[in-house]
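# Chain and residue survey
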Protein chains: 2
Amino acid sequence: MYEDRIRRKDLMGKIMSAEEAAAMIKDGMIIGTSGFTPSGYPKAIPLALAKRVAEGEKIKISLYTGASVGDELDGALARAHAVSRRLPYQTNESMRKAINSGEVEYIDVHLSHVPQMLRYGFLGKMDFAIIEAVAITEEGNIVPSTSLGNSPTFVKAAERVMIEVNLSQPLSLEGMHDVYIPEDPPYRKPIPLVSVDDRIGTPYIECDPDKVAAIVITDIKDNVRPLAPIDDISRKISQNLIDFLSNEVKQGRLPENLLPLQSGVGSVANAVLGGLVESPFENLSFYSEVIQDSVFDLIDAGKMTRVSGTSITPSEEGLKRFYKNLDEYRKYIVLRPQEISNNPEVARRLGSIAMNTAIEVDITGNVNSTNISGRRMMNGIGGSGDFTRNAYLSIYTTPSVAKNGDISCIVPYVSHVDHTEHDVMVIITEFGVADLRNLSPRERAKVIINNCAHHDYRPMLMDYYERALKQGGDVHTPMLLNEALSWHIRLQETGSMKIK
Amino acid sequence: MYEDRIRRKDLMGKIMSAEEAAAMIKDGMIIGTSGFTPSGYPKAIPLALAKRVAEGEKIKISLYTGASVGDELDGALARAHAVSRRLPYQTNESMRKAINSGEVEYIDVHLSHVPQMLRYGFLGKMDFAIIEAVAITEEGNIVPSTSLGNSPTFVKAAERVMIEVNLSQPLSLEGMHDVYIPEDPPYRKPIPLVSVDDRIGTPYIECDPDKVAAIVITDIKDNVRPLAPIDDISRKISQNLIDFLSNEVKQGRLPENLLPLQSGVGSVANAVLGGLVESPFENLSFYSEVIQDSVFDLIDAGKMTRVSGTSITPSEEGLKRFYKNLDEYRKYIVLRPQEISNNPEVARRLGSIAMNTAIEVDITGNVNSTNISGRRMMNGIGGSGDFTRNAYLSIYTTPSVAKNGDISCIVPYVSHVDHTEHDVMVIITEFGVADLRNLSPRERAKVIINNCAHHDYRPMLMDYYERALKQGGDVHTPMLLNEALSWHIRLQETGSMKIK
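Residues numbered from 1 in each chain as written. Chains lettered and ligands numbered in written order. Predicted model: local features only at pLDDT ≥ 70, side-chain atom pairs only at ≥ 80, totals over all residues. Heavy atoms only, no water.

### Some remarks on the sheet that holds strand S17 (residues 367-368) of chain B
Residues and elements named next belong to chain B. Keep this limit in mind: DSSP calls a pair of strands paired once it identifies at least 2 bridges connecting them. Labels follow the DSSP assignment, with helices taken as runs of H or I lasting at least four residues and strands as runs of E lasting at least two, numbered in each case from the N terminus.
If you walk across this open sheet you meet the three strands as S17-S16-S23, and the pairing is mixed. Each edge of the open sheet is held by one strand with a lone partner, namely S17 and strand S23 (410-411). Where strand S16 (residues 360-362) meets S23, two bridges bridge the pair, whose relative direction is parallel. In the strand pairing of S23, Val 361 is matched with Ile 410.

### A closer look at the packing of helix H8 (residues 267-274) of chain A against helix H9 (residues 293-300) of chain A
A pair of packed helices is captured by two measures, namely the crossing angle of their axes and the spacing between those axes. All names here are of chain A. Here is the rule we go by: Under this scheme, a helix contributes an axis fitted over its contacting stretch, all axes are lines through C-alpha atoms, and angles between N-to-C directions fall in the 0 to 180 degree range. Note that the term roughly parallel is reserved for angles under 35 degrees, roughly antiparallel for angles over 145, roughly perpendicular for angles of 65 to 115, and oblique for everything else. In a left-handed crossing the near helix is turned counterclockwise from the far helix by less than a right angle, and in a right-handed crossing that turn is clockwise. Contacts: residue pairs with any heavy atoms within 4.5 Å of one another. Classification used: nonpolar for Ala, Val, Leu, Ile, Met, Phe, Trp, Tyr, Cys and Pro, charged for Asp, Glu, Lys and Arg, polar for all others including Gly.
Where H8 meets H9, the axes come as close as 8 Å, and the angle between the chain directions of the two elements is 10 degrees. The pairing of H8 with H9 is recorded here as roughly parallel in orientation. Seen from above, H8 lies across H9 with right-handed handedness. Packed against H8, whose contacting residues are Asn 270, Leu 273 and Gly 274, the element H9 presents Asp 293, Ser 294, Val 295 and Leu 298 at the interface. Within the contact of H8 with H9, the residues separate by chemical class into three nonpolar, three polar and one charged.

### Comments concerning the packing of aromatic side chains
This is how the line gets drawn: The aromatic pairing rule takes the rings of Phe, Tyr and Trp, using the six-membered ring of Trp, and pairs them if the centres are within 6.5 Å, calling planes under 30 degrees apart stacked, those over 60 edge-to-face and the rest tilted. Only protein chains enter the accessibility calculation, which uses a 1.4 Å probe; a residue is then buried when its area is under 20% of its type maximum, exposed when over 50%, and partly exposed in between. Each ring is checked for a lysine NZ or an arginine CZ that lies within 6 Å of its centre and within 35 degrees of its normal; such an atom marks a charge sitting over the ring.
All chains considered together, the criterion is met by 17 aromatic pairs over all chains. Seen in terms of ring centroids, A:Tyr120 and A:Phe122 are 5.6 Å apart; in terms of plane orientation they differ by 70 degrees. Their pairing is edge-to-face. For A:Phe122, a relative accessible area of 6% translates into the label buried. Judged by centre distance (3.9 Å) and plane angle (25 degrees), the ring pair of A:Tyr392 and B:Tyr120 falls under stacked. Residue A:Tyr392 is located in the loop between helix H14 (384-388) and strand S20 (393-397), and its partner B:Tyr120 is located in the loop between helix H5 (113-119) and strand S5 (128-136); the two belong to separate chains. Positioned above the aromatic ring of A:Phe122, the side-chain terminus of B:Arg437 is 4.3 Å from the ring centre. Taking the ring centre of B:Phe431 as reference, the NZ or CZ of B:Arg458 above it sits at 5.5 Å.

### Observations regarding the pattern of salt bridges
Condition: Salt bridge, as used here: a side-chain nitrogen of Lys or Arg that lies within 4 Å of a carboxyl oxygen of Asp or Glu.
Evaluated as defined, the whole model comprises 66 salt bridges over all chains. Here A:Asp178 makes a salt bridge to A:Arg336, at a shortest N to O gap of 3.3 Å. Here A:Asp178 is found in the loop between strand S7 (160-166) and strand S8 (212-218), whereas its partner A:Arg336 is found in the loop between strand S14 (333-335) and helix H12 (338-341), with 158 residues between them in sequence. Take A:Asp178: its relative accessible area is 2%, and that puts it in the buried class. By relative accessible area, which is 0% here, A:Arg336 ends up buried. The partner of B:Asp197 in a salt bridge is B:Arg306, and the shortest N-O contact between them spans 3.9 Å. Placement of the pair is B:Asp197 in the loop between strand S7 (160-166) and strand S8 (212-218) and B:Arg306 in strand S12 (residues 304-309), with a sequence separation of 109 residues. Using a relative accessible area of 24% as the deciding quantity, one classes B:Arg306 as partly exposed. Among the ionic contacts, a cluster of salt bridges with common partners joins A:Arg119, A:Asp184, A:Arg188 and A:Glu339.

### Some thoughts on the side chain of B:Asn270
Put simply, the rule reads: Here a polar contact means two N or O atoms within 3.5 Å. Within protein one must be a hydrogen donor candidate and the other an acceptor candidate, and residues neighboring in sequence count only if both atoms are side-chain atoms.
For B:Asn270, the position within the fold is in helix H8 (residues 267-274). A distance of 2.8 Å separates the side chain of B:Asn270 from the side chain of B:Ser294, its partner in a polar contact.

### Quick look at the domain arrangement of chain A
Residue and element names in this part refer to chain A. So the rule is basically this: Where each domain begins and ends is defined by an automated method or by a domain database. Buried area: the accessible area, evaluated with a 1.4 Å probe, that two parts lose upon being put together, summed over both parts.
As far as domains go, chain A holds domain 1 (9-218) and domain 2 (232-494). Placing the centre of domain 1 and that of domain 2 at their C-alpha centroids yields a distance of 29 Å. At the junction of the two partners, domain 1 supplies 51 residues and domain 2 supplies 46 residues. Buried area between domain 1 and domain 2, summed over both chains or domains, comes out near 3,800 Å², and the portion from carbon and sulfur atoms is 56%. The largest contributions to the domain 1 side of the interface with domain 2 come from Met 176, Ile 191 and Val 196, which together make up 20% of the buried area. Counting across the interface, domain 1 meets domain 2 through three salt bridges. Our count for the contact surface shared by domain 1 and domain 2 stands at 34 residue pairs in polar contact (both at pLDDT 80 or more). Put simply, the parts of the chain that give the side of domain 1 that touches domain 2 at least two residues each are helix H4 (93-100), helix H5 (113-119) and helix H6 (151-157). Among the elements that line the side of domain 1 that touches domain 2, the one with the most residues is H5, at four residues.

### Topic: the relation of the copies chain B and chain A
Just so we agree on the cut-off: For the least-squares superposition of copies, only C-alpha atoms count, and only for residues with pLDDT at least 70 in both.
Overlaying chain B with chain A gives an RMSD of 0.0 Å, the required rotation being 180 degrees about an axis along which the chain moves by 0.0 Å. In short, the pair behaves as if placed about a two-fold rotation axis. By C-alpha distance to the rotation axis, the residue of chain B lying nearest is B:Glu345, at 2.2 Å. Residue by residue, 100% of the interface of chain B is reproduced at the interface of chain A, so both copies engage with the same surface.

### Points about the packing of helix H7 (residues 232-250) of chain A against H8(A)
All names here are of chain A. At a closest axis distance of 8 Å, the pairing of H7 and H8 adopts a crossing angle of 50 degrees. Our classification of the angle between H7 and H8 gives oblique. Once H7 is placed against H8, the crossing between them reads as right-handed. On H8, the residues touching Ser 234, Ile 237, Ser 238 and Leu 241 of H7 are Val 268, Ala 271 and Val 272.

### Describing the interface of chain B and chain A
On the side of chain A, 85 residues touch chain B, which itself brings 85 residues to the contact. With both sides pooled, the region where chain B packs onto chain A buries about 7,500 Å², and carbon together with sulfur makes up 51% of that total. The three residues of chain B that bury the most area against chain A are B:Arg348, B:Arg375 and B:Leu481, which together make up 13% of that side's buried surface. At the surface where chain B touches chain A, the tally comes to eight salt bridges. Where the side of chain B that touches chain A is concerned, the elements lending two or more residues are strand S3 (83-87), helix H4 (93-100), strand S4 (105-106), H5, helix H13 (344-350), strand S19 (376-377), helix H15 (441-452) and helix H17 (486-494) of chain B.

Following this line, the structure appears as structure tokens:
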């Protein structure tokens, strides 16, 4: 049994139930798992662990992953109160609640930083790596499934390794991955990747068979998330993006096939990227983290010919489509560790066009990607910082308003800064494009308010800006200290940023 | 005459007075100059231009430099009202005044970003590059003086070039420089630098002789700035830094000779670095922007053996010492373009220990490096972001208070964010060290307040923090919207952050 999946025969003896594997996990341990978005994360062992804890055993672990993961991991463990510390990213409702309630200490880290920080010894000693695999090779190496994330470094750094061989993940994923772990300073060399489709590593994760503590066979499918239907706002943002990029080509600032695109995760990001199917651009390339449905659309339309990511992150329909056409898609797609997919060195070298979404932006170009009203964690910074600062072009998209217009996504001053005025080149809403390159904060304010803000808030923003300019003394940055956060306070008190 | 300085004879005809050269500069032009700190910047032509404008001619230029420059350039032109746009950094009192008054639009850019943004076409078409040189080679190439900065790309990108041959700069500077300009995407290759002392380019700036519009002979010396005497606070910060680094070595997280050090510019940064002369560390290396007096101290003490920067930035005594011992120091020092000295790819590869200074930090680890009370530009972000985000260890130092204790440098919320909570690993004041690695915002707050804040402000900060935790609802980030900036408002209104 499982001969095609577990090719190293002396590991057969390590096959056990999820419950037996979970029993090795003790209170206080640091556990690192595969998974980046609800793709390629372990499911059976976390569910068994959550069950033990729900039944009364006292276990709190530190949970490190690639990024967000599925509910069987983040959700089940959070609801069992089995997590004390979490990094580097999450999108799960139960986990978010535990973080914001003060139960879980959450460290919101640039995704490319996690593996090297672990190797440098900054994140403690990892007890177990739990990795979802489609197979184990004859040498004992691990063939990952739908994501790579931090798995290579977790396997390398952990004391011991558990492997979930997931029979629902097709064996034909084998060969899509390209695993490369950089040396650490002072021995690090240049990452030898100069093109989106370069292969620089191995198609498996190296693993010392002696470190394997458990192999669990499962067939629980990736718990992928639906994509919201594409709405009119997303369509307008996408059209504004295409117009902007077209003009850049016309002005000679971008090649006709653009440069490698990066796109954030989620329905809006997917819709904005998907709009390129209707664009004039051909022979596009993609160097990003997550491969969502729109990438399949672009491949199918013949618009995109080279794709690199760390995770396949489709909707349920997208996952079926991916599995069905895997032999075709694998010609175009390389999956890399997030240390490489998100690497600043590579993003800057390739000339990434970084397109990420904002919770709110302010009139001088600062972006909040993480904390609602400064206090409540939404998801996390993810890879947006890895790409934004190192991009050829850094673009943030957001609808101009949220919550039926009660929240302006353009505010006087963001309540939390994840991307600074030094890093954000372009802001796009459904109203238009603010090109901030080579503009001072005073100049940016006018462009952002006039081109991007919703009409309901434009006069209020312009009034703030003009009074900030007039206030006595110096004013490189148009800011009124006593009003900067007043819109968020009004929202808290009245439910709306509008003045009633 | 000048045979040793101008070795290409057909360029002799381009020698003219500074006034004749300055006469070519017209209203609306974009001018790029050499210079990074008050080192290696052109002096005679800017002074002549300022004189013309002061005498009544209407000229406003966009002035691009490497970083800050001397008063003959920034000061004279600002006082003549001859500048409309300025990037990417400055420290000049007259220029600062013009920026904050609204006269000059100032774009505060990561220093490593400037040259590629110019080549990408994001900063307009440069009309003239004005470069200080010690010599012009037989091929017409330029041998720079005490800094490299953006000169290589400015010479490449500008329509025409003016060269100030400065006889006060010793010819023996020749050979210290290593000029490398990366290709642009999609053709960029890895930067082939793997060690602090690697040489990857040419000892001169390539220049098409046909582009040379003027050669001006001058002997005006670099207008270097004095260093403040080392005070007790700096000494304590330095000792705290040494203790922290020693423990990192002890814990096995750093090699015994550390990793390449980066240090910000200014008296405090110089003093903190200089403290390492008394440390147990040996065989240190330095990969940074500016080479201040303390680097000479470390070389002389036999503590530092490899040094890379983009500028020699000594005090007046330091400059004399540098010139006197140039033959010795040149064995240790390489000067690079700021695109390489500050390159994220290289900083991350080498494993930079980034040590920069803050104007203020807040209780969750955000750092303000630029805007006093959110509005008034001090200097600019400089290269701090290039290093901080890509460092092996990112450290910010600041005295706990300023202005005789009326300003706490640890505040509830910074009034401007240049380095986010995701980027700052360690904060050091004279009171102690806050090691923020792997801590959540709630945990960071306790460590920063208890280890780094001044006793006068500790209870106020702890009170804010505890009330932020108790305020209803979610609290991943301990913040009170209606009090976050109240300390800055109180300072504005009463002259002190203390409650009277």
